[in-house]
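Chain residues, written in single-letter form:
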Amino acid sequence: MLSSLNLAVVLLVATGGASGPARPCRCSALPPAGLKVNCSFLNLMAFPHLTSDTTELHVSDNQLTSVPPGAFDGLVALEKVSLTGNPFHCDCGIQYLRNWLRKNGGVVSGEPTCSSPRSVAQKAISELGDDYFSSCGSSSCSDGMLNAVTGAMLGGLVLLLLWGLRRARASSITLNIGRKHSGMETDSLKPKHRRGRGSGPPGALLDSDEFTLGEDPERPLLNMELLPQVLEVLHRKHNIKIKLP
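One structure accompanies this document, and this report is about it. What you see is a predicted model; the values in this text were computed from it and never measured. (Residues numbered from 1 in each chain as written. Predicted model: local features only at pLDDT ≥ 70, side-chain atom pairs only at ≥ 80, totals over all residues. Heavy atoms only, no water.)

### Side note on the overall build of the protein chain
Filter applied, for reference: Secondary structure counts use DSSP, requiring at least four H or I residues in a row for a helix and at least two E residues in a row for a strand, with both numbered from the N terminus. Per-residue accessibility, obtained with a 1.4 Å probe over protein chains only, is compared with the maximum for each type, and a residue is labelled buried under 20%, exposed over 50%, and partly exposed between these values. In this analysis, two residues are considered to be in contact whenever any of their non-hydrogen atoms come within 4.5 Å of each other. Note that accessible areas follow from Shrake-Rupley with a 1.4 Å probe, and for residues the cover is restricted to the protein chains shown.
Scanning the protein chain for helices and strands turns up six helices and 10 strands. Classification of the 245 residues of the protein chain by burial places 29% in the buried group. Across the protein chain, every contact between residues at least 6 apart in sequence was considered, and the portion connecting residues at least 24 apart equals 50%. Accessible surface computed for the protein chain: about 15,500 Å², of which carbon and sulfur atoms make up 57%.

Right, here's the structure in full:
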């Protein structure tokens, strides 16, 4: 026999889905250890929460539009269920109830039907075919796969950009100048001015920050006293290191 304390808890939990003034479900004990829960005609808009020892459940003639997934999974002692008279909306959310009705049709008293959409109105929920729910499962799987692939691609792109930026900052260019170049006998290091050759003061070569290795021995040679300044500019602004022997 169900204890009075347990029965009070069931009464409280079973009325949690009611709208408007609280109207408790009528509960009664069924021997040897069962429970009958009658929630019919209570204008319920949400499926009530029940205990695992519920043997009979009556939720007919309410305002239920769906049954949440897993609602019946814990009711292992259930022997009789009545769901008729509810305006069930038969979209993807009704698939759980359809599957449960097909597996447990023997305990269902009366056949719950769809109220909407119009294409399946008054049709028994258990008669909805798998093709009716075909778009539900495939859409969910494809959306999940698309989200996963998109997230992976974006993550990889971000990592690639960060890696490239780090390499760019850490990279340097090293030029090894041999003795024949350092002796300034044949080749010269000459400034390449943006404003044309011969314009501006002699120190203007440090502002251009752009140099080329000359190959014409006829050209004026760079004063070796300016070479340290040139190397400093290249290293500081362009991260180019020139090693002299």
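### Thoughts on the pattern of salt bridges
Heads up, the condition is: The salt bridge criterion pairs a side-chain nitrogen of Lys or Arg with a carboxyl oxygen of Asp or Glu, the two atoms within 4 Å.
Tallied over the entire structure, the rule returns one salt bridge. Put simply, Arg98 and Asp130 hold a salt bridge, and the shortest N to O gap is 3.1 Å. Of this pair, Arg98 sits in helix α2 (residues 95-103) while Asp130 sits in the loop between β6 (114-116) and α3 (134-170), placing them 32 residues apart in sequence. A relative accessible area of 2% means that Arg98 is categorised as buried.

### A short note on the sheet that holds strand β2 (residues 34-38)
Applicable threshold: Note on pairing: DSSP must find at least two bridges between two strands before they are called paired. Each axis is a line fitted through C-alpha atoms, taken for helices only over the stretch in contact, and angles between the N-to-C directions span 0 to 180 degrees.
Strand order in the open sheet formed by four strands is β1-β2-β3-β4, and the pairing between neighbours is mixed. Edge positions in the sheet fall to β1 (26-30) and β4 (80-82), since each has one partner strand and no second. Across this sheet, the average inter-strand angle for adjacent strands is 15°, counted without regard to direction. Note: β2 against strand β3 (residues 54-58), four bridges, orientation parallel. Across the sheet, the residue bridging to Lys36 is Glu56, located in β3.

### Some words on the packing of aromatic side chains
Put simply, the rule reads: Centres within 6.5 Å make a pair out of two Phe, Tyr or Trp rings, where for Trp the six-membered ring is used; the pair is then stacked when the planes are under 30 degrees apart, edge-to-face when over 60, and tilted otherwise.
Per the counting criterion, the structure on display carries three aromatic pairs. Residues Phe47 and Phe72 carry aromatic rings whose centres are separated by 5.4 Å and whose planes lie at 70° to one another, so their mutual orientation is edge-to-face. On the criterion of sequence distance, the pair formed by Phe47 in the loop between β2 and β3 and Phe72 in the loop between β3 and β4 is long-range, its members being 25 residues apart. Connected via pairs of aromatic rings, a cluster forms that spans Phe47, Phe72 and Trp100.

### A few points about the environment of Leu44
Here Leu44 shows up in the loop between β2 and β3. Considered as a pair, Leu44 and Arg23 are 21 residues apart in the sequence and their alpha carbons are 9.4 Å apart.

### Brief notes about a nonpolar patch on the surface
Which entries qualify depends on this criterion: Two joining distances apply to patches: 9 Å for like charges and 5 Å for nonpolar side chains (Val, Leu, Ile, Met, Phe, Trp, Tyr), and every residue must have over 30% relative accessible area and no salt bridge.
Taken together, the side chains of Leu157, Leu160, Leu161 and Trp163 make up a nonpolar region of the molecular surface, amounting to roughly 450 Å² of accessible area. Residue position: Leu157 is located in helix α3. Taking the relative accessible area as the measure of exposure, Leu157 reaches 46% and is therefore partly exposed.

### Points about the side chain of Ser126
What counts is decided by this rule: Distance and chemistry together define a polar contact, namely a pair of N or O atoms within 3.5 Å, with one atom able to donate a hydrogen and the other to accept it when in protein, and with adjacent residues in sequence counting only for side-chain atoms on both sides.
Along the chain, Ser126 falls in the loop between β6 and α3. Residue Ser126 is classed as buried on the basis of its relative accessible area, which comes to 18%. Here Glu111 takes part through its side chain, which lies 2.5 Å from a polar atom of the side chain of Ser126.

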